[in-house]
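Secondary and tertiary structure notes
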Number of protein chains: 2
Amino acid sequence: MNKQMLQRYATRAEILKALAHPTRLFLVDRLSRREHCVCELVELVGVDFSTVSKHLSILKNAGFVTDEKRGLKVFYRLRCPCVADFFRCVDTVLRLNAEEKLASLSK
Amino acid sequence: MNKQMLQRYATRAEILKALAHPTRLFLVDRLSRREHCVCELVELVGVDFSTVSKHLSILKNAGFVTDEKRGLKVFYRLRCPCVADFFRCVDTVLRLNAEEKLASLSK
DNA sequence: ACTGTATTTGGTTATTATGGAAAATAAGAA
DNA sequence: TTCTTATTTTCCATAATAACCAAATACAGT
């Protein structure tokens, strides 16, 4: 793999990495329904607010969400509905895995 | 987030994490065209064979690929064509990011 | 059984990611 | 201005990841 190709895949890996964390998946799932301020998300997730804030900034840097400050609060919303594609594929893989496990049991 | 929900998102995050590495993305991309034995992939990637082997086992554990031993060689193939969805979404996000950067320049 | 080839596994080390505590920043209210 | 709330950033300790080398395993051919 040469430099250019490596860079190409590295860029894509960065995007995926941003999503590859339980808390961040949860955040994306929530934001896919409606916007939320950070304080609401902190409540929902149940970890330190600094942790939530950092997760949100990772999602923002990757381009999955955008933020908007209104008064004291910062509201985050999903930027790209295509994230549903991810969930769909992940669930397909999970289903395949489960089916295979089932099949291996009944042999 | 309660235990059960956390587990649900953690499982999905594991699947995504398996894909979130430049080399593994490259491997999946190659395997999406046709099966390859490990030695071919080692050639293509250009890192140590033990490293490639470990990446493949991560992809296998996640359920993205399956392997089959034929003689001395082990052949890997893609298990789920839905991986194309990932690439599509990732590229959409990348395009959005690039468009935004462009727009911010012409302001 | 012995040899050579293909692959996996274990060990080591360097790098990166994670999460909480505390400090810094931002903005509305008193 | 001072106080309070919301959020981000910095610092630090800990855990997870990734790469290579070396050793182990698997297997076909002699």
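Residues numbered from 1 in each chain as written. Chains lettered and ligands numbered in written order. Predicted model: local features only at pLDDT ≥ 70, side-chain atom pairs only at ≥ 80, totals over all residues. Heavy atoms only, no water.

With respect to the nonpolar core
Counting residues in hydrophobic clusters, the biggest one holds 65 residues, and the most contacted among them are Phe64(A), Phe64(B) and Phe86(B). With residues up to four places along the chain from it excluded, the contact list for Phe86(B) reads Leu16(A), Phe86(A), Cys89(A), Val90(A), Leu16(B), Leu19(B) and Phe64(B). (Core = buried A, V, L, I, M, F, W, Y, C linked by side-chain atoms within 4.5 Å. Buried < 20%, exposed > 50% of the residue type's maximum accessible area, 1.4 Å probe, protein only. Contact = heavy atoms within 4.5 Å.)

Quick word on the interface of chain A and chain B
At the junction of the two partners, chain A supplies 40 residues and chain B supplies 40 residues. Interface of chain A and chain B: buried area, both sides summed, is about 3600 Å²; carbon and sulfur atoms make up 72% of it. One salt bridge connects Arg79(A) with Glu100(B), and the closest N-O pair in it is separated by 3.2 Å. Counting across the chain A and chain B interface gives 16 residue pairs in polar contact (both at pLDDT 80 or more). Sorting the residues of the side of chain A that touches chain B by element identifies helix 1 (3-19), helix 2 (22-31), helix 3 (38-45) and helix 5 (83-105) of chain A as the ones contributing at least two each. A class-by-class count of the residues in the side of chain A that touches chain B yields 26 nonpolar, six polar and eight charged. (Buried area = accessible area lost by both parts, 1.4 Å probe. Salt bridge = Lys/Arg side-chain N within 4 Å of Asp/Glu carboxyl O. Polar contact = N/O pair within 3.5 Å; in protein donor to acceptor, adjacent residues only side chain to side chain. Helix = DSSP H or I, 4+ residues; strand = E, 2+ residues; numbered from the N terminus. Nonpolar A, V, L, I, M, F, W, Y, C, P; charged D, E, K, R; others polar.)

Looking at the side chain of His36(A)
Residues and elements named next belong to chain A. Of note, His36 is situated in strand 1 (residues 36-37). Among the polar contacts listed, one links the side chain of His36 to the side chain of Arg34, at a separation of 3.3 Å. What His36 contacts, discounting residues up to four positions off in sequence, is Arg30, Leu31, Leu41, Leu44, Val74, Phe75 and Tyr76.

Comments concerning the protein's contact with DNA strand D
Near DNA strand D you find 23 residues, and of these Cys39(A), Ser53(A), Tyr76(A), Lys54(B) and His55(B) are the closest. Put simply, 63% of the atoms of DNA strand D that lie within 4 Å of the protein are in sugar or phosphate. Here a base oxygen of DNA strand D and a side-chain polar atom of Lys54(A) are 3.2 Å apart. Within the backbone of Val74(A), one N or O atom sits 3.1 Å away from a phosphate oxygen of DNA strand D. Here the residues of the surface near DNA strand D are counted per class, giving nine nonpolar, seven polar and seven charged. (Near = heavy atom within 4 Å.)

Some thoughts on the sheet that holds strand 2 (residues 65-70) of chain A
Residue and element names in this part refer to chain A. If you walk across this open sheet you meet the three strands as 1-3-2, and the pairing is antiparallel. Sheet topology places strand 1 and strand 2 at the edges, where each strand pairs with a single neighbour. Relative to strand 3 (residues 73-78), strand 2 is paired through six bridges, and the arrangement is antiparallel. Counted as the bridge partner of Thr66 is Arg77 from strand 3. (Pairing = 2+ DSSP bridges.)

Quick notes on the relation of the copies chain A and chain B
Mapping chain A onto chain B calls for a screw motion: a turn of 180° about the axis and a shift of 0.0 Å along it, with 0.1 Å RMSD after fitting. Such a turn and shift between the copies fits a two-fold axis. The overlap is high: 100% of the interface residues of chain A also sit at the interface in chain B, so the same surface is used on both sides. (Least-squares fit on C-alpha atoms with pLDDT ≥ 70 in both.)

Functional significance is not addressed by these values, which are geometric in nature.
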